[in-house]
Amino acid sequence: MAGIDLNADLGESFGVWRLGDDEAMLEIVSSANVACGFHAGDPAGLLQVCRSAAERGVRIGAQVSYRDLAGFGRRFIDVDAEELLADVVYQIGALQAIARACGSTVSYVKPHGALYNAIVANREQAAAVAAAVHLVDAGLPVLGMAGSAFFDEAARLGLRTVAEAFADRAYHPDGRLVSRRERGAVLDDPAAIAERVATMVASGQVTAIDGAQIAVEVESVCVHGDSPGAVQIATAVRDRLRAAGADIRAFC
């Protein structure tokens, strides 16, 4: 089994509201998708998570989103393309400053939540996000779903695209993620999730919610940092992949 990246969404606490265990997750993952303040995160918290990531050699990615703190970035917003482009540029730039202050850098970009799902098919927003990354730094890879409009637009601009799969999320037969509003959308058994990831990485296939086997490209595996039992799940996934001979390492 070849090398594989493990990523998680971190830096999502806000003020007195604590979400996830960033310190524990940073001991497990190789890439950290750090919130940029639009869906979650505040400056002090982002500084801390970037400092901790830098100390551990974990890559920092800008997790850009809609401007939606109240909805945690999980609500689609029909935002104008030029406004979305500016919002993404702003978010990457803010995290770049924080990462550099911690002796690191932003190494990649990953959209979050509803924006991630929207740009699988919404070409106008996909083009806006890709253009924003290109404007900031054409050398930044983008992490997302293979076969998406976002990857098409990113490739058109010469951006490197990195395909990810989700350890703890259910898939539809067409490869889309099952909505969190639906039963069975989020998986919670660490052992079962770890075995599922090992199969995805080894075979390039995953079992969809209807039982069908579908193809999935996997250069990075996402374990959500805000899921119940996230640390146990991430640990189980890492250990299972290592047992299969995989080298856990960042893709950039």
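Heads up: these notes are all about the structure in this document. Since the model is a prediction, treat every value here as computed from it, not as a measurement. (Residues numbered from 1 in each chain as written. Predicted model: local features only at pLDDT ≥ 70, side-chain atom pairs only at ≥ 80, totals over all residues. Heavy atoms only, no water.)

## Regarding the packing of helix α5 (residues 123-136) against helix α6 (residues 149-156)
Moving on, step 1. For the pair α5 and α6, interaxial distance at closest approach is 8 Å and the crossing angle is 45°. By the criterion of interaxial angle, the relationship of α5 to α6 is oblique. Helix-helix and strand crossings are classified by hand; for α5 and α6 the assignment is right-handed. In this structure, α5 contributes Arg123, Ala126, Ala127, Val129 and Ala130 to the contact, and α6 contributes Ala149, Phe150, Asp152, Glu153 and Ala154.
Moving on, step 2. When its residues are assigned to classes, the contact of α5 with α6 shows seven nonpolar, no polar and three charged. (Axes fitted to C-alpha atoms, helices over the stretch in contact; angles between N-to-C directions. Helix = DSSP H or I, 4+ residues; strand = E, 2+ residues; numbered from the N terminus. Parallel < 35°, antiparallel > 145°, perpendicular 65-115°, else oblique. Left-handed = near helix turned anticlockwise from the far one by under 90°. Contact = heavy atoms within 4.5 Å. Nonpolar A, V, L, I, M, F, W, Y, C, P; charged D, E, K, R; others polar.)

## A look at the environment of glycine 71
Moving on, step 1. Relative to the assigned elements, glycine 71 resides in the loop between β3 (59-64) and α3 (81-101).
Moving on, step 2. For glycine 71, a relative accessible area of 15% puts it in the buried group.
Moving on, step 3. Separated by 19 residues in sequence, glycine 71 and tyrosine 90 have C-alpha atoms that sit 20 Å apart. (Buried < 20%, exposed > 50% of the residue type's maximum accessible area, 1.4 Å probe, protein only.)

## Looking at the side chain of asparagine 33
Moving on, step 1. On the secondary structure map, asparagine 33 appears in strand β2 (residues 31-35).
Moving on, step 2. On the accessibility criterion, asparagine 33 (0% relative accessible area) is buried.
Moving on, step 3. At a separation of 2.9 Å, a polar atom in the side chain of asparagine 33 contacts the side chain of aspartate 9.
Moving on, step 4. Setting aside residues no more than four positions away along its own chain, asparagine 33 makes contact with Asn7, Ala8, Asp9, Leu10, Gly61, Gln63, Tyr108, Lys110 and Leu143. (Polar contact = N/O pair within 3.5 Å; in protein donor to acceptor, adjacent residues only side chain to side chain.)

## A short note on α3
Moving on, step 1. When the terminal C-alpha atoms of α3 are compared, their 31 Å separation across 21 residues agrees well with the 30 Å that a helix rising 1.5 Å per residue should span.
Moving on, step 2. For α3, the complete set of buried residues consists of Leu84, Leu85, Asp87, Val88, Gln91, Ile92, Leu95, Gln96, Ile98 and Ala99.
Moving on, step 3. On its buried side, α3 packs onto β2, α2 (43-56), β3, β4 (106-111), α4 (113-118) and α5.
Moving on, step 4. Phi turns positive one or two residues past the end of α3, at glycine 103, with a value near 80°. (Expected span 1.5 Å × (residues − 1).)

## Quick word on unusual backbone geometry
Moving on, step 1. Positive phi, close to 55°, is recorded for phenylalanine 72, a residue that is not glycine.
Moving on, step 2. Take phenylalanine 72: it is sitting in the loop between β3 and α3.

## Some details on a negative patch on the surface
Moving on, step 1. On the surface, Asp78, Asp80, Glu82, Glu83 and Glu124 cluster together to form a negatively charged patch.
Moving on, step 2. Structurally, the position occupied by glutamate 124 is in helix α5. (Patch = residues over 30% accessible without salt bridge, like charges linked within 9 Å, V, L, I, M, F, W, Y side chains within 5 Å. Areas by Shrake-Rupley, 256 points an atom, 1.4 Å probe, with all protein chains shown as cover. Salt bridge = Lys/Arg side-chain N within 4 Å of Asp/Glu carboxyl O. Lys, Arg positive; Asp, Glu negative; His and termini not counted. Charge placed at Lys NZ, Arg CZ, Asp CG, Glu CD.)

## Description of the pairing of strand β6 (residues 161-166)
Moving on, step 1. Most of β6 sits out of view: five of its six residues are buried.
Moving on, step 2. In terms of strand pairing, strand β5 (residues 142-144) meets β6 through three bridges, oriented parallel. For leucine 143, the partnering residue across the bridge sits in β6 and is valine 162.
Moving on, step 3. The handedness of the β5 to β6 crossover, carried by α6, is right-handed.
Moving on, step 4. With three bridges connecting them, β6 and strand β9 (residues 220-222) associate as parallel partners. Opposite glutamate 164, over in β9, you have serine 220 as the bridge partner. (Pairing = 2+ DSSP bridges. Right-handed = clockwise from strand over helix to strand, strands pointing away.)

## Re a nonpolar patch on the surface
Moving on, step 1. A surface patch of nonpolar side chains, about 300 Å² in accessible area, is lined by Phe14, Trp17 and Leu69.
Moving on, step 2. Considering the arrangement of structural elements, one finds tryptophan 17 in the loop between β1 (5-10) and α1 (22-26).

## A look at the environment of alanine 126
Moving on, step 1. Within the element layout of this structure, alanine 126 appears in helix α5.
Moving on, step 2. Sequence spacing of alanine 126 and phenylalanine 150 is 24 residues, and the spatial spacing of their C-alpha atoms is 4.5 Å.
Moving on, step 3. When sequence neighbours within four positions are dropped, the list of residues in contact with alanine 126 reads Ile119, Ala149, Phe150 and Glu153.

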